[in-house]
Each structure stands twice: as C-alpha cells, then as structure tokens.
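Structure assessment
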Amino acid sequence: MMQKLLNKIKSKKWLVLVLPLLIFIIWLILPCKLFVGTTYSRVIYDRNGKMLRVTLAEDEQFRLPPIRQKLPEKYLRALVLFEDKRFYKHPGIDPLAIVNAARLNFKKRQVVRGGSTITMQLARLSNPKNRTLFNKLTECFVAFKIECHYSKDEILQLYASHVPMGGNTVGIHTAEYRYSDRDYQTITWAEAALFAILPNSPSMINLQKHRQLLIEKRNRLLKKMYEQGYFDEMTCELSCEEPIPELRRGLAFEAPHFCNFVLEKSKKNVVNSTLDMEIQKAVKSVAKVDVEFLQSHGIYNYAILVAETKTGKIRSYIGSQDFYDSEFGGQVDGIQAMRSTGSLLKPFLAAKVIDRGPFNMESKIQDVPTFFGGFVPQNADKEFRGLVTVSDMLVYSLNVPAVRLLNYYGVADFYFFLQKAGLSSLRRRAMQYGLPLIIGGAEASLFELTQMFLSLGNSGQGRQLVFEEKENKSGEDLYSAGSAWLVMEALKKVNRPGKEAYWHLFSNQMQVAWKTGTSYGQKDAWAIGINPQYTVGVWCGNFSGEGNTDLYGSSAAGPILFKVFNAIGESNENNWFPRPDSSLKLVEVCTESGLLPNDHCPETDFVFVPKKTYRVEKCNYHRQFILDKSTGYEVCSKCWDVADTVHVMKTIYPAGVRHIYQFRVLEFDNIPKHNTKCSAAQNEKQFDIIYPTPDVKITVPRNFNVEYESVVFKARHQSQKTKLFWYIDGKYIGTTLDHHEIKIDLNTGQKILSVQDETGWVESVNFEVFKN
C-alpha cells in the first residue's frame, strides 16, 4: 500500500517542480501597479507654464504628479553612476553588486554598502517595508516583475518622481522647484549630483543639517563624472563651487484667490490654467495708485477680473487688495462675493427690448416723476429730463426711464432672461424683486456680471468664463447680434473719467464700451468694459458692507478700468466689432418719438433695428387738430363751422413730459381747448393725478428730529395757467397754479383725494395712510 503511494508521488514529481514555476509565471504576467493609493500635490500653472500653486498631498508631502517627460541627461548620468552602474544591463537585480556588497559588509562587520538596484529601490518606494532579509528577497522578485512591465525610461521616471529629496519634498521635479524655483529640465551638473546622493544618506537628507558633508559627497560624485568624461575640467571646477540651495519653506503661491477658485472648481491634480502672470502683475501694478487713493478715503477693498472677450479665458484674477491683509479681509474673494448690481443690468434690458420692439435705440422714453405703488424711482442726480432715448438712458445711466422700460418689457420675462444668462443668485420669485431689479434690487458677483458682458462681444451668445487653457464654453443665444452691437455702440459714448474723457480727440485710441454701477447706500462701485480683445470688470467697496460718500462707479472703479485697458490692451481705433449687417435692417422712424412715423410726423430719420423685431408701434406725439379760426378752440363735427376752421399739426407730449418741460422753461405744444359750448368738451379728461396712485399705501416719513413730514401730492393739467383745487375727504386743502404740487399733513386711515379744475372737471383717488 505504501509502495503504491510512493510510486504515485514519483510519477507526478514534475508537478512539484512545474507548479511553483507556473504560479511565478502567472504572478509575473499579472498587472504590476506601483504606488497604489499614493496621493499627489495639486499643481496649477499659468498659461505659459509658470507654477502658480502647489498644495500638500494628503500625507503632508510636497509630491508633484509623476514625471511623464524624458528625464534630463545630466541627472540620468549622475544617478546611474552613483546608484546603479549596470542599470541598463541587468533585469532589475544585479547579482554582482549584491555579491560585492555582501563581501564588503562582511569584511567591515557592518552594513556599509547595499546591493539594491534602482529598480529594487523603486519596489521599496512603492511599498515601503522594514529592511529584513525576507523583504529584501521580495524586493528582488518585485524588481524583476517591474522590469517585465516597464521600460528602463519608465522605471527611471517613476523613481525620480517618488524618491525622497529631503524634509517633506518628494521627487526631483519637486525638489528643483522648491530649492531653485526652476523647472527640473533646466537642472545643472551640481544639482544633478546633489539630487543623486540626497536619497542615499538619511543623515544628510535635510538640507539644513550637515551641509558641508553634503557638499563634499556631491563633489566626489562630480569628480567621478569628470573622470568618466561627462564634462570638462572647468565645468567640474565650476560645479564644485556651486553652492547647495537653501531649504525654502514652501512652493509657489501666486494669484492666491484665483488658485483657490480653481482648486474648488477642478478635481484635477494638474491644471494648465488660463491665467497670465505677466498680465496679472501689470493689472496689479496699474491699480496700485488708485487703490492707495481710495484707501485714503476709507474705501479699502477692490477686485479686478480680466478675460479674453472671444474665448472667455481668464487672464487676470485679483480678488482683493492684498491676500495677506488681515485687517481689511484680504482673503475674501471679491470676484465671487455677491453684491448689489447697481445699474449694470440696464444694457441687457435695452438689448432685450429692442429685440422685441417697438422701441429702438433712438426711441424716446419718459423721464418724469413716476410712481409704482410705494416705489418711486429716482435718477442719481434727482433731476428729470422729460424725454430721453434708450441710448441716452444707457449713456447717462438714468434710473427712471430704465424702470419704466422694465415695466413695459415685464419683470418676469427679464427675470427669466437673467437666470438664463447665468445669474445664480436670483433665488426669490420675480415679483419679489419687482421693478427695483433693474437698479440694484438683485445681487450678483463680479464673476457673473463680467461673464454676462462677454455676450455683448460674442454677438449676443452666452460665453462662460473658463480657467483651463483648453476649455472654450459657449452658451445659448441670449439676444440678437444686432442688438448686442447697437448696445455697445451706445456704451462707447459713456463719458470716461479724468483725462480719458478726451480720448476721442486723439488718433489711434482704444475703443471701449463700458458701463458703471453704484449700489444703493453707495456700498458698491462697479465698472465693466469690453472691446474685441478683453472684457474687464472692476469692483470697489468695503467687504464689511460699509457705505462711503466717495463710492461711485464712475469715479472709483472707472479710473482703474481704463488704466487696466491701457496697460494690457492694444491701442487701435480700428479694432472694433464689425457691424452685423445680416442681423440689422434700416427703418424709417419719427425723429421726435423714435417710433414708426404716422401721417402727421414732420421729420423722419433712418435707424438700425434688429431684423427679427416683431412689435411695431407708430408715433403718437404728432396729432392734427381742427381749430376755429376766430377762437383758437378745437372743434368737432358737433360744433364746427367748416368755413371757419383750419387744420393744425401739433406735437403733444404726455402730460408728465409737458410738466417737466414747463418746469424747465422749455417750449412745447399744448392741447388746444375744445369749444366750451360743445357737448363733447364735457366728456374730455382735462388732467391726471400723478400721486398718490390709486389704492396706494403711504407710510409717512420722519425727519432727523423724528417728526412726521408732509407728503407731496402731484397732478398734471393739459393746459397752462390753470388752477387746481385740492380736497381730502371733502375738506378743502389748498389751490395750485400751473405747477401742481402740494404738501399735505396726513393722519392715518383710509382717505379720498379729490382734485377739481376751473371748468369743474374732478378726478379722485383712494389711498391709505400709515405712521410708524
């Protein structure tokens, strides 16, 4: 029985020999993954390859991502000569080196030399373990497997990327940046020798200790390299004289706000960003003088964003006056902070309105006292102009016409447009923002607003700001190319600050379409400009939210904007956006109203409008009246004697406009009075109550002495030299002549205002009064 068992074993003796070999071959064929679980520093470069930021890896090491390029020849020669002379000849294990090391160690009765090859060291770096005989044997097998799966160049790249270089610095490319602030491809012979010996001597691995011993060891290697004929004697002498670098505390940290933004948005270990450090430095430099002036006036913070107009690539990103300014919140990123938009949304409302029609850039909008319930918009200068064009609304940043235009266009429609355009902060419903939306009622960041202005320079197509050089993100069409061009033509006319006001008098000057904004309470000053090359956004203010009487978009942010353009842009008056003729058409309009002419308009002009404008409206200012020759009264079929009439054309502005023109002593036509003996005259409305509006709720204001103030009521009559009689709840209050405004002291409760003219015509409104 026993004999049979022995015979079976002998007959299958080959299995005992083949099975281990088969297992080894299978293990050898399996994938050889190195540095599994190793984390790396995240690196951001500018567009020209300059390192901006390096973070620590998860294990607190500065370890740049692995090298993929061919290693510098200088380093390769130094490394192979010092660590592994037969590297290119052995299969990962050098038996001769092991025997020589064992013999020397036995002779010295201590470990003075190791027999590890570069490949064996790579195996140990990938999976560090205690140095035992078994682990050494394991490294030999792993080294052989590595040689089967990787080329010699790849092995050297992996070794150079993961070899410790002193302190918490890992890899020669990391060391070259940290110690010399240069790319590792520019390594010198002295640095090559130093980087070859650093990992070999743990007692000297810190550049802050044993520096003289480190120099001596480096120089011995340099002399060996000279003896091998790698360089001449002079190079050897100069290399030996080269000092070893000082240990720097950290790696690059340029453009800190931009780098923090990129690290938050991107998950990549290496980001080749769009930032241009030369532009970044130029922008920072030109803004310095203005910033010092603003700080002397209590305005401590600013932010500047520069992007290429056509691509949206961010070229400069300055989030605050100084990242390290702890006193005034320097680490706050002003480019991402949400602030009141001021007037910066007006160009986009104009673009949407003229796309829809019937208004064009020369159409007239009323700039008159306006009341929407309790909301009473005011222009910045507290003045009214009567009628202004849409273009002038933008050029002079007028609030009242903008609010009236938004009321016409629709708050909800404009709200949804803003969301589509990328304003992420609109978290309330459209009606909760209401008409103040167009004059700073919403909040947005400089990033979002600058991104919106990119669409003007991209024919109305949305364009996203990008921070990676290979990115180019276009969005939806927001408005037509024609309206974008027309709006920019208007914004070119905005008066520039200081000496820039005379730019148009000189040849070869840079064209810029720009818009300013100032938030309520003068807490934010904005200026955003665009030309075919760059789009620049500037914000000035205080991160604390404190207002300042010197904080205006035109005087605080505007000068910085144009200094930036002049520093980085090309001065070429012909460098401007071409007129998009395929998106525009010429239409004839009334010169006075800017709308399509009616049969009575005396003068017309031709203006460009977007081709797809679909709403049209004719001028309603020019009207023909039939007058009695003897009395000058208007007559109709009920009261005229045809032989004694004359046809007269008059320009009749709305009552509010006539009121302003009267106040400003400007000439205008009045509506002729109808024949007082005619029955038709009894049904013709003679005047309007401007304020209070129907059913408005009035909260009586207090003055600085906490006393209740009077409330001003207003009306407009069609005729001049007319008296109006004012009554509240049937009680006579007073009389006005021509300029129909009256101050009234109000008690709380429901009220009825009645106003009567000299003909007996009466208008009334209900309102309610509250007191706090």
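Now for a description of the structure that goes with this document. Since the structure is predicted, the reported quantities are computational estimates derived from the model, not experimental observations. (Residues numbered from 1 in each chain as written. Predicted model: local features only at pLDDT ≥ 70, side-chain atom pairs only at ≥ 80, totals over all residues. Heavy atoms only, no water.)

The next point concerns the overall build of the protein. The helix and strand tally for the protein stands at 22 helices and 28 strands. Computed over its C-alpha atoms, the radius of gyration of the protein comes to 40 Å, more than 25% above the 28 Å expected for a compact globule of 772 residues. With respect to the three principal axes, the spread of C-alpha positions in the protein is 145 × 75 × 55 Å. The proportion of buried residues among the 772 residues of the protein is 52%. (Helix = DSSP H or I, 4+ residues; strand = E, 2+ residues; numbered from the N terminus. Rg over C-alpha atoms; globule rule 2.2 N^0.38 Å. Buried < 20%, exposed > 50% of the residue type's maximum accessible area, 1.4 Å probe, protein only.)

Moving on to the layout of surface pockets. Approximately 1,100 Å³ is the volume attributed to the second largest pocket. If you go around the second largest pocket, you meet 35 residues; those closest to its centre are Ser343, Asn379, Ala380, Asn399 and Thr518. Mapped onto the lining of the second largest pocket, the elements with two or more residues apiece are helix H15 (390-395), strand S14 (513-518) and helix H21 (553-568). With 5 residues, S14 is the single largest residue contributor to the lining of the second largest pocket. (1 Å grid on protein atoms, 1.4 Å probe; cavity = no way out; pocket = protein on both sides within 12 Å on 5 of 7 lines; lining within 4 Å. Points joined across faces, edges and corners; volume = space filled by probe spheres on them.)

Moving on, we come to the nonpolar core. Most often, soluble globular proteins keep nonpolar side chains buried together rather than apart. If you look at the biggest cluster of nonpolar residues, it comprises 108 residues, and the most contacted ones within it are Ile304, Phe414, Leu456 and Cys540. Not counting chain neighbours up to four residues away, the residues in contact with Cys540 comprise Leu294, Ile299, Asn301, Tyr302, Lys523, Asp524, Ala525, Leu551, Ala556, Ala557 and Ile560. In terms of nonpolar packing, the next biggest core, distinct from the first, is built from 46 residues, Leu158, Ala160, Trp189 and Leu207 among them. (Core = buried A, V, L, I, M, F, W, Y, C linked by side-chain atoms within 4.5 Å. Contact = heavy atoms within 4.5 Å.)

Okay, the packing of helix H9 (residues 189-197) against helix H10 (residues 211-227) next. Remark: H9 packs on H10, axes separated minimally by 9 Å, with the N-to-C direction vectors making an angle of 115°. Relative to H10, the element H9 lies roughly perpendicular. In this structure, the crossing between H9 and H10 has a hand that is right-handed. In this structure, H9 uses Trp189, Ala190, Ala193, Leu194, Ala196 and Ile197 to contact H10, whose residues at the interface are Leu214, Lys217, Arg218, Leu221, Leu222 and Met225. Each residue belonging to the contact of H9 with H10 can be placed in one class, and the counts come to 10 nonpolar, no polar and 2 charged. (Axes fitted to C-alpha atoms, helices over the stretch in contact; angles between N-to-C directions. Parallel < 35°, antiparallel > 145°, perpendicular 65-115°, else oblique. Left-handed = near helix turned anticlockwise from the far one by under 90°. Nonpolar A, V, L, I, M, F, W, Y, C, P; charged D, E, K, R; others polar.)

Bringing the sheet that holds strand S5 (residues 270-272) into the picture now. One open sheet holds the 3 strands; their spatial order is S2-S1-S5, and the pairing between them is mixed. Bordering the open sheet on either side are strand S2 (51-54) and S5, each of which pairs with just one other strand. Strand after strand, the sheet turns through a mean of 10° between neighbouring axes, direction not considered. Bridge count between strand S1 (residues 43-45) and S5: 3 bridges; the pairing is parallel. (Pairing = 2+ DSSP bridges.)

Right, let's talk about H10 for a bit. Along its 17 residues, H10 runs 24 Å from first to last C-alpha, staying within 8% of the 24 Å computed at 1.5 Å per residue. What H10 keeps buried is the set Leu214, Lys217, Arg218, Asn219, Leu221, Leu222 and Met225. Contacts made by the buried residues of H10 are with helix H3 (73-83), H9 and helix H11 (233-241). Once H10 ends, the next one or two residues include Gly229, with phi positive near 85°. (Expected span 1.5 Å × (residues − 1).)

Mapping Gln61 onto the fold places it in the loop between S2 and strand S3 (62-63). With 365 residues separating them in the primary sequence, Gln61 and Leu426 have C-alpha atoms 42 Å apart. Setting aside residues up to four positions removed in sequence, Gln61 forms contacts with Ser41, Leu56, Gly167, Asn168, Thr169 and Val170.

A few words on the environment of Glu758. Positionally, Glu758 belongs in the loop between strand S27 (749-757) and strand S28 (762-770). For the pair Glu758 and Leu222, spaced 536 residues apart in the sequence, the C-alpha separation amounts to 111 Å. In contact with Glu758, not counting residues within four places along its chain, are Lys721, Thr722, Lys723 and Phe725. Within polar-contact distance, the side chain of Glu758 engages the backbone nitrogen of Lys723 at 3.3 Å. (Polar contact = N/O pair within 3.5 Å; in protein donor to acceptor, adjacent residues only side chain to side chain.)

Okay, the pattern of salt bridges next. One pass over the structure, following the stated rule, counts 23 salt bridges. Connected through shared salt-bridge partners, Glu308, Lys313, Arg315 and Glu469 make up one network. (Salt bridge = Lys/Arg side-chain N within 4 Å of Asp/Glu carboxyl O.)

By the secondary structure assignment, Ser343 is in the loop between strand S8 (339-340) and helix H14 (346-356). Judged by relative accessible area, Ser343 falls into the buried class, the value being 7%. Ser343 has contacts with Ser397, Asn399, Ile438, Lys515, Thr516, Gly517 and Thr518, leaving out every residue within four places of it along the chain.

Bringing empty space enclosed by the protein into the picture now. Evaluation of the coordinates by the stated rule reveals 3 cavities of 30 Å³ or more. The space that makes up the largest cavity amounts to roughly 100 Å³. The wall of the largest cavity is formed by 14 residues, among which His659, Gln662, His717, Ser719 and Asp738 lie closest to the centre. Sorting the residues of the lining of the largest cavity by element identifies helix H22 (655-663) and strand S23 (711-717) as the ones contributing at least two each. Among the elements that take part in the lining of the largest cavity, H22 stands out by supplying 4 residues, more than any other. A class-by-class count of the residues in the lining of the largest cavity yields 3 nonpolar, 8 polar and 3 charged.

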